[in-house]
Every structure is written in structure tokens, then in C-alpha cells.
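If you want the building blocks of each chain, they are given just below.
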Amino acid sequence: MSLAESESPPSPTYLDRLNAEQRDAVLHGSGAIADPLLVIAGAGSGKTNTLAHRVAHLIVSGADPRRILLMTFSRRAAQEMGKRVERITREVIGEKAAILADGLTWAGTFHAIGARLIREYAPIIGLSDAFSIHDRADSADLMNLVRHELGLSKTKSRFPAKGTCVAIYSRCVNAEADLEEVLKTSFPWCLDWVAALKALFAAYVDAKQAQNVLDYDDLLLYWRAMVTEAGLGEEIGGRFDHVLVDEYQDTNKLQAAILTGMKPDGRGLTVVGDDAQSIYSFRGAEVRNILDFPGLFAQPARMVTLERNYRSTAPILEAANAVIAQARERHAKDLWTERTSTAKPKLVTVREENDQAAYVCEEVLAMREAGTLLKHQAVLFRASHHSGPLEIELTRRNIPFVKFGGLKFLDAAHIKDTLATLRFADNPRDRVAGFRVLQLIPGVGPSTAGAIMDALAVTEDPVGELAAFPIAAKAREEWAGFVALVSDLRRRAIAWPAEIERVRRWYEPHLERRHEEDADIRKADLAQLEQIAAAAPDRARFLTDLTLDPPDATSDMAGPPLLDEDYLILSTIHSAKGQEWKQVFVLNCVDGCIPSDLAVGTSNEIEEERRLLYVAMTRAKDALHLVTPQRFYTHGQRSRGDRHVYASRTRFIDTSSLDRYERCAWPTAPRSAEAAAARAAVQPVDLKAKMKGMWR
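Residues numbered from 1 in each chain as written. Predicted model: local features only at pLDDT ≥ 70, side-chain atom pairs only at ≥ 80, totals over all residues. Heavy atoms only, no water.

Looking up the protein in an unreviewed UniProt entry gives the name DNA 3'-5' helicase, with the organism given as Breoghania corrubedonensis. Under the UniProt heading Sequence similarities (unreviewed entry), the entry covering the protein gives this text: "Belongs to the helicase family. UvrD subfamily." (UniProt positions renumbered as here; feature names shortened; annotations may be inferred.)

Here it is, written out as C-alpha cells:
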């Protein structure tokens, strides 16, 4: 008897709200394990709804939800998908829907799924299941320790910094590319250090293995290695009848290799995405994954294209279609909609960036007066610094705004201290966590911390080693309490999540000493951390989930509280993907900004810049403004200096597509009759006589 069996056959009414193409994608395979499916989902075409309906349809058709693997690009997206699946299945099977949706346990990000599988198979792949997971900052710190040990921090010429080294290493792993190739294409100034970087990366891997830690890249690298091992790969792939992947255009080569390793024939595999929205190559995303997917397997993938857009008006879509139609290679589609409008997107020419800022402010306020909230309007830009003049003008006019970006939750010092304490208790060989925690204790410096970590690396009794260590007299007062804390955590003397309260009570005196000016604000973050911990079943799951999918911001680096209920959205285009607003402004639509002058070295880079503009344009629902300043003042000159350059309209809006826009200049010149009347009112003056009088 199947998990979804009911007394009456499933009703198809839950499919009625889908359009023909969406329904076609949902019904592919009729609920059974089928040939591979590629869903090309245009912007605003109901991609998430389609994927949720496909998962729900599989379940109501008898698929075991425990054998469905659903991968998204954020944990939040996976949770929302689960809620949608439950709502849809409830229409067919009633109260059983909640039970079945809870069975959808293999839903999450690539990294989160990888961490679960690696921990489960750790004993048979040479790992301890108590491994720690380093975030990017911790990885950079460990890379820096190894860099220093190899003497690379004291070279005569500039050696790459720790962050750059991690970026190079990560690009090589995720792109499955040779080091020299990565350096030539992305880090050319590092080409003289090929041999040293290879040695550094080899030592970095040795250090990770010695300390029983994995970084983000390892979660994919180990998973990829597991599914390519005979027997092990078949077992892992065989655990899942259906594998569904959202945002496939954002996958890298390593993630694509994981999918083909799990499903070599492609059966049961569904990927959803849009090649026209592939804009994350700087993170290693490979647009060829989605372009080449149809021919990847012996049985070619079936392709379903979702072209109906539910977001934007027809004129906005016509302009966006014209931009992407010039792409060198793509899966052909033309977005269309039933949302008619006579208002074309505006292509606005202004003299300079200050005029651009003034134009945006006036239009935003006008729309607000017409009834559109500020938070339903957004200003998008290619690079974060492009919004500088606008931020000044918004502040001057007292228009509240929020800019997407800022410090991540896990980057805050007090959060890192707390999590490092938990990680150190789990894995005393983790040098990054150990160095951080040990130096919280007054009297323990880098040398002492290093000696302690060296001793812990070879002992089987970490607590005993800590208790017996000959600590300096000035550190002894705090040392006993620290050893007791580590002992309690390692013995699991306190139930989870009370463990984190125990850590907080130990840490708060150190927090007050180190951050006395804003300790109360930081304590509020620790209280929030305890609330997050309460949702996790145990310490290991808490550390894994928080490292892989941290909250976006933290109060210790936030600006003043935003007391306004309404505020304008400022965002980079990369951060705006997946969002939508009634009115959208795109700043600096000129060559040098879109495309960026730093991203025109190859045709692939230029094509990604084209996709960036397309993504920006398709965020707009009702009104779109593309603003093109003619003049930019150069940096590095004195205040009010006049050195400037002129810019031309972005190459992605060519002459043949101009009829799709309402072209205008701002500010508009006064009408000639008004100008003549104003001039007539001016009292005449004899300047010639004044000039003569200067010398008499």
C-alpha cells in the first residue's frame, strides 16, 4: 500500500490553476520515475509554484516523500516549498497531507544535503562523524595560519592575502578547473605564485584533515567523490527515486557532477531554471550546465518552457525580450503576458549622477503621492558604490531607505566567539575555533594558545590535557571555569539547547570586557542565537544549519533603528534576483557600468552582463525607468573638482530596440513661450557702460 493511498482516486482539481505548460511539466512521467526533465522557467512565470505542484503530484500519485530529494538555494526556500506542497496535497488527501509533507525530509541546499550525507557515511569514507564545518571566514583564518607556517606572509613581493587564497582555492574546486587556468582568467596578478599556491593548498588540505574540519567546498567535493565510487555511488543514488533541483542555472560544475553521479541515466531527475538569469559566475556558477542539459544523457531530456509571465506589463516584457534576444546562445523563449498597458519603459537621459539622484527622488515621491508605497519601489544598480549620490539625496530629502547588504550574522565577533566555543567542545583539534576561544581568556595569547592546540592535537583526553596544562598565573583565575565548561559540553552534562545558555553565561563577562561600549546590543544577538538553537534537535545540527544558512544581519553593525513603516529599497542587481516591485529604477545604464568596465574581457563576461540587465528589467511589475547619465566625475580629485568623462548608452539597448521605450531627458527645458515671458520680465541693464566705467 503506497503512503499516499486513499479511498477515492486523486482529484485533478489542484491542477486547474496551472497553465498548459506548467501542467505539462507537473504531469511529466505521470507520477512515476521518468526520463530527465528540463523546465526553462522565464522570469515571473510561476517557477516555484510549478515545482511545488510537481512535488505534490508525485506524492499524491504514490511516491514516497522520504525518497524525494529536493534541492534549493536557501533553506528558507526549501521550507516554503514544503509548506506549498502540504497545501496542495491537502486538497487531495486531506489531513494526511501534513504527515506526508513531514516525510519530505530531504529538502534543502546542496551544502546542507551534502553535510547530512557525509556525516552519515563518515565512518566508511575515512572521516570522524564529529567533524566541524568552517564558514568562509573561518576557512580564511585557517588558510592564513597555514600561509604563515609556510613563510608566505613574509615574502619580498606581495603574496595573495588569505581571502584571495580561499577564493582561488574555491574557484578551482567548484569549477573543477586547473590552478593555472583559474589564475589566468580570474587572478592574473597571482600567476607568479603558482608553485607556492599549490604548496599552500596542499598544506591547507592537510591541516583540515588533521583538525577534522571541512569547509564549504568540501561538502560538495566529498559528496562528488562518494557518488563516483562504485557501490557507494549506487547506494546513495538509489536512496532517491526523484531528484528535483531549483535554480539550476546557478549550479557550478561540481554540483552538476554530483547530479550525474547520482543519476547517471538521468531517470527521475528534474531541473528547473532560466539560462537568461544566470548571473553568478563570480561564485563559480556555470551557465553551460543548463545550456547543455538536454543532451547530457543517453535518453535526451524532455524540455518544457514556461513563457507566460504573471509579473510585468507587456511593454516591459517587450523591452526585456529585445535585450536577451541578442544573446549569443540561449534556450529560445519570448515572455508574454495578459497584463496590457500603454506605458512603455522610460529611457531617461540625465546630465550627471546628481541629476540621476534627483530624478529618482522626484519620481519616487510622485508615485508615493499617487498611492504606491515606498517599499513597493526599488532602485537597482550594478555595483554597490553606484548608489552613493542617490543615498545622499535621499537623506537630504528625508526619504527613508534600506540598502540590501551588510555584515552577515556569523561575521559578528560575539557570534563567532559563541559558536567557536561550541565547535571547540565538539572538536578540540579545530585550530581556528581553539585559537579564538582560548584567547578570550585574559593572559592567554597567541603563543600559549598555539602550545595548547599542539598538545590537544596528539591527546586522546582533551579535558584532562586542558586541566593539566601549565597555564600562566594571570590566566589561572579564568582557566578552571573554562575547563569546567568544556568538560560539561563534551560529557553532554546539560541537555540541548540549554548548552548554549551555559556557554552564554560563561562568555558574557568576556563580552562585557571586550565590547563594553555596546555589550547590551550584542547580548540581544546572543538571546536571538538561543532562540534559533531551540529549533534545532541537537548541537551538531544547530552548528551545521547556522553555518550553511545564517541570518542576514546582526544588530551590532546595524544602523539606527528604522522607525519609518515605509522605506525605499536600494539593491544591487545580484541581490534583487527573485524579487519584484511595482516600480523599478535601474541606475547607470551606460557602457562602463552595465556592462561593467571590469567585465568586458571575454564574450562570456559580456553575455553575463547582458543577463544582468535582463534580470534587473524583469523585476518591474508596472513601471520601469532605465537612467543614463551622460557625464561621470572621476574619483581621486579634490572636492568639487571638474574632471569628468562622458558615457554612452549601454550596448545592450541598440538602435533597433529604441521604439520599445519612451525616451526623455531630465530635467526638461522650459517651453519657449514661458522662457520668453520670463525674460521679458527682466529689467534691461547697460553692461557696456559698466565695462567702460571700470577704467575711468
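(A) Summary view of the nonpolar core. Grouped together as the largest cluster of nonpolar side chains are 74 residues, with contacts concentrated most on L197 and W223. At 8 residues, the largest contribution of residues to this core is made by helix α9 (residues 194-211). Domain assignment of the residues forming this core places at least three in each of domain 1 (13-116 + 219-306) and domain 2 (134-211). Those residues in contact with W223, other than ones at most four positions away along the chain, are M71, F110, I113, G114, L117, I118, D218, I236, I258 and M262. Counting 43 residues, the second-largest nonpolar core is a separate cluster that includes I452, L489, L511 and A519. (Core = buried A, V, L, I, M, F, W, Y, C linked by side-chain atoms within 4.5 Å. Buried < 20%, exposed > 50% of the residue type's maximum accessible area, 1.4 Å probe, protein only. Helix = DSSP H or I, 4+ residues; strand = E, 2+ residues; numbered from the N terminus. Domains from an automatic or database assignment. Contact = heavy atoms within 4.5 Å.)

(B) The packing of aromatic side chains, seen in detail. Counted under the stated rule, the structure contains 15 aromatic pairs. For the ring pair Y359 and W666, a centre distance of 5.8 Å and an interplane angle of 65° mean the geometry is edge-to-face. On the criterion of sequence distance, the pair formed by Y359 in helix α15 (residues 353-369) and W666 in the loop between β16 (662-665) and α27 (672-680) is long-range, its members being 307 residues apart. By the burial criterion, Y359 is buried, and W666 matches it. Centroid distance F482 to W506: 5.7 Å. Interplanar angle 40°. Geometry classified as tilted. Residue F482 is located in helix α21 (residues 476-491), and its partner W506 is located in helix α22 (residues 498-514); the two are separated by 24 residues in the primary sequence. In terms of burial, F482 and W506 fall into one category: buried. These aromatic residues form a ring-pair network of at least three members: F424, W479, F482 and W506. In this structure, R116 is placed above the aromatic ring of W106, and the distance from its NZ or CZ to the ring centre is 3.7 Å. Seen from the ring of F131, R119 lies directly overhead, with NZ or CZ sitting 4.0 Å from the centre. (Phe/Tyr/Trp six-rings, centres within 6.5 Å; stacked < 30°, edge-to-face > 60°. Lys NZ or Arg CZ within 6 Å of the ring centre and 35° of its normal.)

(C) Here's a closer look at the environment of T602. As for its placement among the helices and strands, T602 is situated in the loop between β13 (581-586) and α26 (603-617). Its relative accessible area of 40% is what places T602 among the partly exposed residues. A sequence separation of 417 residues divides T602 from T185, and the C-alpha atoms of the two residues are 9.4 Å apart.

(D) Structural detail: the confidence of the model for the protein. Model confidence for the protein is summarised by a mean pLDDT of 88, while 92% of its residues fall at 70 or above. Here residues 1-11 is modelled with pLDDT under 50, and outside its nearest four sequence neighbours on either side it reaches 15 contacts, counting other chains as well. Note on residues 553-563: pLDDT under 50 across the span, and 21 contacts to partners over four residues away in sequence or across chains. (pLDDT = per-residue confidence, 0-100.)

(E) Seen up close, the UniProt feature "binding site: ATP" (unreviewed entry) in the protein. Taking the UniProt record as the reference, the feature "binding site: ATP" (unreviewed entry) is found at A41, G42, A43, G44, S45, G46, K47 and T48. Mapping G46 onto the fold places it in the loop between β1 (37-41) and α2 (47-60). The exposure class assigned to G46 is partly exposed, which follows from its relative accessible area of 24%. Non-local contacts of G46, meaning those with residues more than four positions away in its chain, are made with Q22 and Y310. Positionally, K47 belongs in helix α2. When its relative accessible area of 15% is taken as the criterion, K47 is described as buried. Not counting the four nearest positions on each side in its chain, K47 is found in contact with A41, D246, E247 and V272.

(F) Local environment of the domain arrangement of the protein. Taken domain by domain, the protein holds domain 1 (13-116 + 219-306), domain 2 (134-211), domain 3 (314-407 + 558-666) and domain 4 (409-537). Here the C-alpha centroids of domain 2 and domain 3 sit 36 Å apart.

(G) Highlighting the pattern of salt bridges. Inspection of the entire model under this criterion finds 53 salt bridges. R67 is the salt-bridge partner of D241, the closest N and O atoms lying 2.9 Å from each other. Placement of the pair is D241 in the loop between α11 (232-238) and β6 (242-245) and R67 in the loop between α2 and β2 (68-72), with a sequence separation of 174 residues. Looking at D241, the relative accessible area reads 22%, which means it is partly exposed. For R67, a relative accessible area of 28% gives the class partly exposed. R660 is paired through a salt bridge with D659; the nearest N and O atoms lie 3.6 Å apart. For R660, a relative accessible area of 31% corresponds to the partly exposed category. Using a relative accessible area of 51% as the deciding quantity, one classes D659 as exposed. The network of salt bridges with shared partners includes K47, D246, E247, D250 and K577. (Salt bridge = Lys/Arg side-chain N within 4 Å of Asp/Glu carboxyl O.)

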